[in-house]
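Now for the letters of each chain:
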There are 2 protein chains.
Amino acid sequence: MLAFGARDRYNDRMAETQTTQAAPVQFETHPSRYHHWRLEVEGEIARLTMAVDPAHPLRPGYELKLNSYDLAVDIELADAVERLRFEHPQVRAVVVTADIDRVFCSGANIYMLGASSHSFKVNFCKFTNETRLAIEEASRESGLRFLAACKGTTAGGGYELALACDEIVLVDDGSSAVSLPETPLLGVLPGTGGLTRLVDKRKVRRDRADVFCTVAEGIKGKRALEWGLVDALLPRSRFDAGVLERARALAGQVAGVARGPGLELRPLEPSKDGDTIRYRHVELAVDRAARTARLTVSAPTEPPPATAAAMAAQGSDLWALRAFRELRDALYQLRFNVPEVGTVLLHTRGNPAHVIAADRALADAEAAGDGLAREVRLLQARTLKAVDCTARSFFAVVDSGSCFAGSLLELALAADRIYMLDDEDGQVAVHTSPANAGALPTAGGLSRLALRHLARPEMVDKVLGRGAEGPIPTADAEALGIATIVADDIDFDDELRIAVEERASLSPDALTGMEASLRYAGPETLETKIFGRLSAWQNWIFTRPNATGERGALTLYGKPERPSFNWMRT
Amino acid sequence: MLAFGARDRYNDRMAETQTTQAAPVQFETHPSRYHHWRLEVEGEIARLTMAVDPAHPLRPGYELKLNSYDLAVDIELADAVERLRFEHPQVRAVVVTADIDRVFCSGANIYMLGASSHSFKVNFCKFTNETRLAIEEASRESGLRFLAACKGTTAGGGYELALACDEIVLVDDGSSAVSLPETPLLGVLPGTGGLTRLVDKRKVRRDRADVFCTVAEGIKGKRALEWGLVDALLPRSRFDAGVLERARALAGQVAGVARGPGLELRPLEPSKDGDTIRYRHVELAVDRAARTARLTVSAPTEPPPATAAAMAAQGSDLWALRAFRELRDALYQLRFNVPEVGTVLLHTRGNPAHVIAADRALADAEAAGDGLAREVRLLQARTLKAVDCTARSFFAVVDSGSCFAGSLLELALAADRIYMLDDEDGQVAVHTSPANAGALPTAGGLSRLALRHLARPEMVDKVLGRGAEGPIPTADAEALGIATIVADDIDFDDELRIAVEERASLSPDALTGMEASLRYAGPETLETKIFGRLSAWQNWIFTRPNATGERGALTLYGKPERPSFNWMRT
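An account of the accompanying structure is given in this report. Because the structure is predicted, anything quoted here is derived from the model rather than measured.

## What about the side chain of H36(B)?
So, point 1. On the secondary structure map, H36(B) appears in the loop between α1 (6-21) and β1 (37-42).
So, point 2. Under the relative-accessibility criterion, H36(B) is labelled buried at 1%.

## Some thoughts on the interface of chain A and chain B
So, point 1. Taken residue by residue, the interface counts 97 residues in chain A and 97 residues in chain B.
So, point 2. When chain A packs against chain B, the two sides together hide about 9200 Å² of surface, and 59% of this comes from carbon and sulfur.
So, point 3. Linking chain A with chain B are twelve salt bridges.
So, point 4. Ionic pairing is found between E524(B) and K529(A), a salt bridge with its closest N-O pair at 3.2 Å.
So, point 5. The tally of links between chain A and chain B comes to 35 residue pairs in polar contact (both at pLDDT 80 or more).
So, point 6. Per-class residue counts for the side of chain A that touches chain B are 44 nonpolar, 25 polar and 28 charged.

## Re the sheet that holds strand β4 (residues 93-98) of chain A
All names here are of chain A.
So, point 1. The sheet built from six strands is open, its strands ordered β1-β2-β4-β7-β9-β12 with mixed pairing. On the outer flanks of this sheet lie β1 (37-42) and β12 (232-234), each paired with one strand and no other. When the angles between neighbouring strand axes are averaged without regard to direction, this sheet yields 20°.
So, point 2. Note: strand β7 (residues 145-150) against strand β9 (residues 167-171), four bridges, orientation parallel. Its bridge partner lying in β9, C150 is registered against L170.
So, point 3. Against the sheet, helix α10 (residues 239-253) engages β2 (45-50), β4, β7, β9 and β12, with an angle of about 165° to β7.

## Describing helix α14 (residues 371-388) of chain B
An α-helical turn contains 3.6 residues, so any two residues separated by three or four positions project in the same direction.
So, point 1. Look at α14(B): 26 Å from first C-alpha to last across 18 residues, which is about the 26 Å you get at 1.5 Å a residue.
So, point 2. Burial runs high along α14(B): 18 of the 18 residues are buried.

## Structural notes on the packing of helix α2 (residues 71-87) of chain B against helix α4 (residues 118-142) of chain B
Residues and elements named next belong to chain B.
So, point 1. Contact geometry for α2 and α4: axes closest at 10 Å, N-to-C directions at 20°. In terms of their interaxial angle, α2 and α4 are classed as roughly parallel. When you trace α2 past α4, the crossing you get is left-handed. Contacts between α2 and α4 involve L71, D74, I75, L77, A78, V81 and R85 on the former and, on the latter, F120, F124, F127, T128, T131, R132, A134, I135, E137, A138 and S142.

## Some points on the relation of the copies chain A and chain B
So, point 1. Take chain A, turn it by 180°, move it 0.0 Å along the axis, and it overlays chain B with an RMSD of 0.0 Å. Look at the turn and shift together and you get a two-fold axis relating the two.
So, point 2. A share of 99% of interface residues in chain A that are also interface residues in chain B marks the association as one of identical surfaces.

Procedures and definitions
Residues numbered from 1 in each chain as written. Chains lettered and ligands numbered in written order. Predicted model: local features only at pLDDT ≥ 70, side-chain atom pairs only at ≥ 80, totals over all residues. Heavy atoms only, no water. Helix = DSSP H or I, 4+ residues; strand = E, 2+ residues; numbered from the N terminus. Buried < 20%, exposed > 50% of the residue type's maximum accessible area, 1.4 Å probe, protein only. Contact = heavy atoms within 4.5 Å. Buried area = accessible area lost by both parts, 1.4 Å probe. Salt bridge = Lys/Arg side-chain N within 4 Å of Asp/Glu carboxyl O. Polar contact = N/O pair within 3.5 Å; in protein donor to acceptor, adjacent residues only side chain to side chain. Nonpolar A, V, L, I, M, F, W, Y, C, P; charged D, E, K, R; others polar. Pairing = 2+ DSSP bridges. Axes fitted to C-alpha atoms, helices over the stretch in contact; angles between N-to-C directions. Expected span 1.5 Å × (residues − 1). Parallel < 35°, antiparallel > 145°, perpendicular 65-115°, else oblique. Left-handed = near helix turned anticlockwise from the far one by under 90°. Least-squares fit on C-alpha atoms with pLDDT ≥ 70 in both.

As structure tokens, then:
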């Protein structure tokens, strides 16, 4: 191994502790098991109350004081937002609030960050970013508005959570402020999209944003309102009533958006067998020695339900929903529990006709106004975007018995490369469905086919047209720009094996930067800015001695010593 | 200071060597003094030949073999491109070529990179990026097309230089390839926009780009053409004739674009007095102890020429040209020669009427079809964009005697903050001119006023309307969203002093990431992607032990040992 500095060795040990030796992180939860949030629903208004239990951090070693959060807290938040979408279709507005006196949320827990490996910090930020982006997507697409009711200190990640909401209401009590104190206090950047949302979502004037981000105590009252940092001020005496009134108004804005029918999101209950995790439709098999994993998604085993009513009757057992929830869970397992795996082979198995039928049923139901179908499609889209921002190399393997059809073809199109077997009898093929025509867009807003064919937009219709005629065998898939590498029966296995070995020999950091650059081509959105750009700056700053060195600001936070900086600018 | 790892200490020493103790880097040169390029002009075709002299690196310690380059080489390239724009208005197409047998360019010199400090590496990449972007701007705006004539190995930064050209012609000799071997060979990213240009400019399919960027030997011949990596192949026997033919065709495409009249770019000849550099219109005064600098730009001392002919008669003494060339040189001095300065106070002095007159004369001449006026405006725009991507905090100081008018008001709008004195008699003011209405766009393509007022686009016309009536005194400038901080005579100096002291106490890395995020709000372009995103990934990777640690790939390049990687993915 490398001769790392003391801090790197420490981080390595932490990484091992957090991944191999400690119990793996689990991403499934349920409101009945929440430690840190309360979810209450009353008619069209839901209340999501942050009440972080200091004694229940993800790992021992720090206390979650003052509504500070760690991954455990954010896993519950992500779960709550998703259940609001699927289980509570009557809800139109969500009040995000807290039950600690004079504190809304004080952001990510600094001691947790200080004790975490670089890899964990980066993946923690990625997860929290995905949660915030899901909140914004629910508002934009699903008729579910969010109001941040900040009845006290709203600092760092706390303010970033508020920024992800549609409205921010701050108590006007002469002391409660919103703030992004990361730069002045910790020598890092706000890790959850705060800078981007300030200037690109709320369009705060850049010079004011500069002042705001360097004032550790933040900005309160009229100035916060005037600068556009919050949307309304309410005195403490009228706060709760005023918030409810505004939440009702928000709910009224989206009264026309179809929601539901609701269904219960039941647990996935995977089984574990050594380094293999088996879900119903997904299997993740890890080879730690080779630093590779095989991720297999299977098609429905029977013809899927064709009507909205029949889909709803299956509840969360619906393949289109369950398979993608399983896939997402497997991606999280990869990110947090096996950071040493660099290359992931994407396989699919089963009957393509069933996937195409499932995609078509979903598209038809949504077109007919079914809210559940829309939610399922959006969850599929979020899952595929989670592939894009997972820092592993993905190679899709299209071979005999594979089932890269429709929504599963999207998975191949999300991969860095597609290997296709050119079999003698032309049975190996990919298949299109309505899911390939823009239903599952990338973070930049394009369909995956459009992103692939930026140089030749006319190819998108050619692929879809050819797919409408039937399976697209390897030779055609190559001509249509789907296949990256084509090899015949004699060479295929060797070609793939050598490619995986070569990939596994390259610098993980260079691959991460390379893949992020190549995956996020084309148009930019708030989301691509956050994952493509803000994350990269944060990555860099996290590695700098000024933040995480022995005398760095993040390391020394809460200790009597002052940080000591290398002043060289870059 | 911090307890850095061995490598950091080494880099710190190098940084000192490169900046404080060694002779400062000089950015002015002339074709008669080039060591590494030949510039030949014949009618409408110019030939820019890379012939790097291995024995003339910027610093002793490495040889520039095989047309590899360092900052000294790129300073000459930037000079040549600028002289083509100003001094050779008859030129319509530039052939970029090399005179080494079977080598076009092998990219940035690895030993130079390996021996450079982090700060130097980042600023080197920034400079080379600006040179490439200037080539593309000259093509887009100035009717000057570029053809990369690659008659041999075109590797790394060599291919990135080709990517900046309008056409890439590769010799089809069975061995010459284009390549981006940074990831497989060095564990870093291509540092000069290569990844972004691959997928966003040339729109190479992302899966093919992935293969290309991991194949150290690159791709040659028909496949390079089919994948869109090059635009044409020519056999060695017909190469020179074929290139000339294509260059003539390129020149024909832009025959209608007005160029010239030409002028000679004469040397700036600043004087140095301790830590102060004095140009004719610009002064850079460094306070190393306080880690601050004062950058002052002065207005023309006399009414500027009003016609295109009178402007041309002044040659490169024209204020609008000379002042911005001086300003840009001062920015380069800051970046390379005083990396410890974190905060820059921007001052202006002189008669606003002269600046407004200079801006108006330039706008009028360009509207009447004068090519020189366009070139001067574009150089001003590039200089202001160089402020945006200079990793220092800029505070503009609008006080008594200041002259933030028109093109100099743009300088204030490029700053992170604007401090304005609220004097009793309302004499302190800013002033608008045609230069504020979009003539000097940001990298994202907006005017600086539009970027400032993303949330309230109607404010742009309000500012310009108010400015058309006369000076905009402090109170009005505050109401119009120009001033960040306003203070009266009693408080102004203290307010500014405290702000500078506070700024100077913050982590330089966090400030760099924060400023880059806030400055690049709004629409994205190839240029913002390169500076906002690709640079950030490169920054991060440069700091990682996998690249620059004792056993990192960059460190060990050319040595018998194999690099050793920490495999944790992020």
